[in-house]
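The chain contents come next:
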Amino acid sequence: MSERQSLSELRYRARVPAAEPASAVWDRHASVQRLRLFAVSLGIALAVFAQNAGSVAADTKLDLIVNPGGFLRRALSLWDPIGSAGQLQDQAYGYLFPMGPFFLVGHWLALPPWIIERCWESAVLVAAFLGMVRLAEALAIRGFWPQVGAGLAYALAPRMLSELFSISSELLPVAVLPWLVLPLTDPRSAPRKAAALSGIALLFAGGINASATLAILPAPALYLLTRERGPRRSALIRWWLLSVLLACLWWAIPLLTLGKYSPPFLDWIESAAVTTTPTSLFASLRGVDHWLAYLGPTGWPAGWVLVVAPAAVLATGLVAAAGLAGIVRADGSGRAHRDRRFLVATLLVGSILLTLGHRSGIGPPFALTWQHLLDGPANAFRNVHKFDPLVRLPIALGVGHLLASRPLDRLRLPRPVSWKPAQLVALVAVTVGAVAIGPVFGGRMVPQPRPVADQTWWGQAASWLAANSDGGRALIVPGAGRPNLVWGQTVDDPMQPVATSPWSVRDGLPLTQPGYIRFLDSIDQILARGTGDSTLQVLLARAGVKYLVLRNDLDSAAAGSVPLGFVHATLAQSPGLKLVAGFGPTFGGPQGFSDVTDQGLWPAGSAVQIFSVGDYAGMTGLLPVDQQVSATGSGDALASLAERGLTVAEPVVFGAAAGALPHGTTVATDGIRRREIVFGATNANPATLYADTPFALPRAAHDYLPAGAGPLSTFRLLGVRSVTASSAGDQVGAYLNRGAANGPYSAVDGDPAIAWRSGSAGAAGQWLQVSFEHPISPAGVRIAFAAGLGDYPSRIRVTTDAGQQDSDVANDASSQPLLVPAGSTSRLRITVLQMARGGASVGIAELRIPGVSAARTLDVPLQSAAPDVLAFDVNAGFRAECQP
């Protein structure tokens, strides 16, 4: 025995009484470990509670903090007859366990809503932390603090911090994953028992987001496949597969039923081009692979900091590097650690699934094909960030392995330095870790925190409707993609948790039929005009709407909805609508000379106002088939028919269904126009497209189209071949000058009131091009610019087949001659070279070319060769300049 070993043994014996048995020493050691784990877990919980303390987060379902009991009762049925004119609930059954009962208990205990939320969010993080610590111990990571390091690297990873206060339900599978693998690592456990415990752990992943739950299953599967072959592995695989099946049945059966009858809402959410944009290899290894984290500081504050802050980028990159180093590093004896194959396989599978659709100069060669697959058959996994745990688990375990290997043991420090290598490792690890979780220390991780869970006036309005509706539906206006209210933002409409009578609203993603969504959009278009409309009550009554609920507490600018001033003006002048009730404090009206918000533009009124609909006659009725109107188009065409005298008593059948009923009047409307919309947004009036206009975004659907929509109506140019531009305000995703009237055609339509206006930032370099049906000699061309966001051009370039001509122009809106290269040409392009005093965009109101007269017509497919009535309208897009 060496002298060092003898001294060490003497010190150990001095600390431990000889009479004390080894079991007592181990029990005391385990107690200390548990106390330390409790302290770390408490620290995690305190950090969660410190984030915007006292404020409610818009996390998952509003019902869970307002009325969890009512929500869970509704979740027992797939069909909800109250909301959205009757709807299939999107995976509401997934809240039955464990999230729903957790909030229900907190509600029963009368805890403040924000306390219930923080308890839940703390439980998610602590479960992830403790699960990873246990798994690290099971996978032979030596030392308590390396195991803790692995747990913290997993539980406080960027995705966990980004989503915690926004979509905590999606983090449940992440927290469960270590517990799912843990039972499989015990060689002493019988295969049936180990598989059963793994299945029980999977139950806690819930069924709120089925694809997120399924996305974690490759990790335990790879663990089993990388074990030594033999009877035990075979039995363990069989029992595990059975356990997984049984653990998923409770949500898989209703999910399949939902998929059979649900509208195609997966086609209406974000496309694969969006979800795969941030998933570069480096970003995926760091953990910043969720696209919502890239939408700015007001969306996900923690995610945004981790994406853009240089210190956070460096720190999270170092954590990822440490994890990779730990995976490949040999242990102290020079032998590779025993589970390297499992960690490498899981990391590779996760990285491939995350990055395969990322398109870049050095990205995967089949990225576009993978995106098409994600927008098609694999659309349930389009949000590829759900595979992040497959990368995070091996990296966290790699961090633990690296810390356990004591990487600086051989480092020789300068003699004056008294630090030991282990102390230096601890200092570096704590410093890097603290920077990597930097948003935690700011205490402002909750997106759009609000002081209250809900406002009492919505409960009062719901009670009034329940007592007076008699089965009639209430329609909440104006529609909004996300309910941004002046008292805070909620995920769901505040009517949802308190309503007990039928109601409907146009939100970002109504889980109802496309025709009804289009109908709701037509109601918003009427409200946006700011003038009276005699057809409004007819349309509402036809849809079974007895009451119109006006939400004056909506922040219409933040919600992207119709400004409340126009809604009030429309309702005040439309016959058949009568104010019958109001609840809550006063909003609107003059607020003083300094008030420039929308509130000063409409009369003062209660936070929630309820209007009765005069023509309402009941939810159902029998109508004679010989009075049927068979029309082209969809529900949004009802407004056009009502303007022509359609009454509540006349049934209307659209599309192919009209052919089954031979009687009645046939009407040809504008049909369903070919357009590209921004899903999730409301108050939009997208431009009608030409038949050959390519869609800007590659995705499965570009509009809410009813089944069997058939050929779509399209624009067709006359007099010119095409009019195109570098960007335009009528294009989907336009950053500036958004509006259907700001397209390229507006420059050549002969109407100086509208103009082509560029849609992207920066005026210099923007261009407009006209292509002719046959070559012309352009002489005497005149141009009039429109004011962009800034000023007018001062220098432009004109390009034709004969060459190009640069010239200075008058920086105003006057009509002026255009210098054009001499010679025949089939095209004429005008490019802005310089603005007079800078500017963010440019516009052209008039471009007059002698001998060229451009016109545009709408090609409308007819359902009948000789319809009884033609009902064609100018597309909506303008409102009166003066508001009564």
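Just so you know, these numbers come straight off a predicted model, no measurement behind them. (Residues numbered from 1 in each chain as written. Predicted model: local features only at pLDDT ≥ 70, side-chain atom pairs only at ≥ 80, totals over all residues. Heavy atoms only, no water.)

Draft legend 1. Representation of the pattern of salt bridges. A complete count under the given rule lists 25 salt bridges for this structure. Two residues, Arg-118 and Glu-121, come together in a salt bridge whose shortest N-O distance is 4.0 Å. Here Glu-121 and Arg-118 lie together in helix H6 (residues 113-138), a separation of 3 residues that amounts to about one turn. The closest approach of N and O atoms between Asp-670 and Arg-673, which form a salt bridge, is 3.3 Å. Both residues of the pair, Asp-670 and Arg-673, belong to the buried class. (Salt bridge = Lys/Arg side-chain N within 4 Å of Asp/Glu carboxyl O. Helix = DSSP H or I, 4+ residues; strand = E, 2+ residues; numbered from the N terminus. Buried < 20%, exposed > 50% of the residue type's maximum accessible area, 1.4 Å probe, protein only.)

Draft legend 2. Focus on the sheet that holds strand E21 (residues 825-835). Read across the sheet, 5 strands follow the order E14-E16-E21-E18-E19 without closing on themselves; strand pairing throughout is antiparallel. Whereas interior strands pair on both sides, the edge strands pair on one side only; in this sheet they are strand E14 (722-725) and strand E19 (803-808). Taken over all neighbouring pairs, the strand axes of this sheet differ in orientation by 20° on average, direction set aside. (Pairing = 2+ DSSP bridges. Axes fitted to C-alpha atoms, helices over the stretch in contact; angles between N-to-C directions.)

Draft legend 3. A look at the environment of Thr-276. Mapped onto the elements, Thr-276 comes out in the loop between helix H14 (272-275) and helix H15 (281-286). Here Thr-276 falls in the buried class, since its relative accessible area comes to 1%. Excluding anything up to four places from it in sequence, Thr-276 contacts Gly-357, His-358, Gln-371, Leu-374 and Val-384. (Contact = heavy atoms within 4.5 Å.)

Draft legend 4. Examining helix H13 (residues 231-261) more closely. The first and last C-alpha atoms of H13 sit 44 Å apart over 31 residues, in line with the 45 Å expected at 1.5 Å per residue. At Leu-249, H13 shows its largest kink, close to 60°. Lining the buried residues of H13 we find strand E2 (87-88), helix H10 (191-203), helix H11 (210-215) and helix H12 (218-225). (Expected span 1.5 Å × (residues − 1). Bend = angle between axes of the 7 residues up to and from the residue.)

Draft legend 5. Fine view of the packing of H6 against helix H7 (residues 144-155). Following both chains from N to C, one finds H6 and H7 inclined at 140°, their axes separated by 8 Å at the closest point. When the axis of H6 is compared with that of H7, the two are oblique. The crossing of H6 and H7 is right-handed. Contacts from Leu-125, Ala-128, Phe-129, Met-132, Val-133, Ala-136 and Glu-137 in H6 reach Gln-147, Val-148, Ala-150, Gly-151, Leu-152, Tyr-154 and Ala-155 in H7. A per-class count over the contact of H6 with H7 returns 11 nonpolar, 2 polar and 1 charged. (Parallel < 35°, antiparallel > 145°, perpendicular 65-115°, else oblique. Left-handed = near helix turned anticlockwise from the far one by under 90°. Nonpolar A, V, L, I, M, F, W, Y, C, P; charged D, E, K, R; others polar.)

Draft legend 6. Structural detail: the packing of aromatic side chains. Inspection of the entire model under this criterion finds 15 aromatic pairs. An angle of 50° between the planes, with centres 6.3 Å apart, marks the rings of Tyr-690 and Phe-715 as tilted. On the criterion of sequence distance, the pair formed by Tyr-690 in the loop between strand E12 (665-669) and strand E13 (714-718) and Phe-715 in strand E13 is long-range, its members being 25 residues apart. A residue is classified by how much of its surface remains accessible, and Tyr-690, at 18% relative accessible area, is buried. Ring-pair connections join several aromatic residues into one group, and the members of that group are Phe-102, Phe-103 and Trp-120. One cation-aromatic arrangement involves Arg-227 over Tyr-223; the distance from NZ or CZ to the ring centre is 3.8 Å. Here Arg-829 stacks its cationic end above the ring of Trp-767, 3.7 Å away from the centre of that ring. (Phe/Tyr/Trp six-rings, centres within 6.5 Å; stacked < 30°, edge-to-face > 60°. Lys NZ or Arg CZ within 6 Å of the ring centre and 35° of its normal.)

Draft legend 7. Region of interest: the sheet that holds strand E6 (residues 503-505). Judged by pairing direction, the sheet is mixed, and its 5 strands sit side by side in the order E6-E3-E7-E9-E8 without closing on themselves. Two strands lie at the open edges of the sheet, namely E6 and strand E8 (577-587), each paired on one side alone. Here the strands of the sheet are splayed against their neighbours by 20° on average, with no regard to which way each runs. The sheet contact formed by strand E7 (residues 545-551) and strand E9 (residues 605-613) spans 5 bridges and is antiparallel.

Draft legend 8. Representation of a nonpolar patch on the surface. Residues Trp-239, Leu-242, Leu-245, Leu-246, Leu-249 and Ile-253 make up a contiguous nonpolar surface patch of roughly 550 Å² in combined accessible area. Here Leu-245 is to be found in helix H13. (Patch = residues over 30% accessible without salt bridge, like charges linked within 9 Å, V, L, I, M, F, W, Y side chains within 5 Å. Areas by Shrake-Rupley, 256 points an atom, 1.4 Å probe, with all protein chains shown as cover.)

Draft legend 9. Fine view of the pairing of strand E22 (residues 843-848). Counted residue by residue, E22 has 5 buried out of 6 residues, so it is predominantly covered. Where strand E15 (residues 756-757) lies against E22, 2 bridges are found, and the strand directions are antiparallel. The residue of E22 that forms the bridge with Trp-756 is Ile-844. Judged from the 5 bridges that link them, strand E17 (residues 782-786) and E22 form a sheet pairing that is antiparallel.

From the geometry alone we can't say anything about function, so treat these as descriptive.
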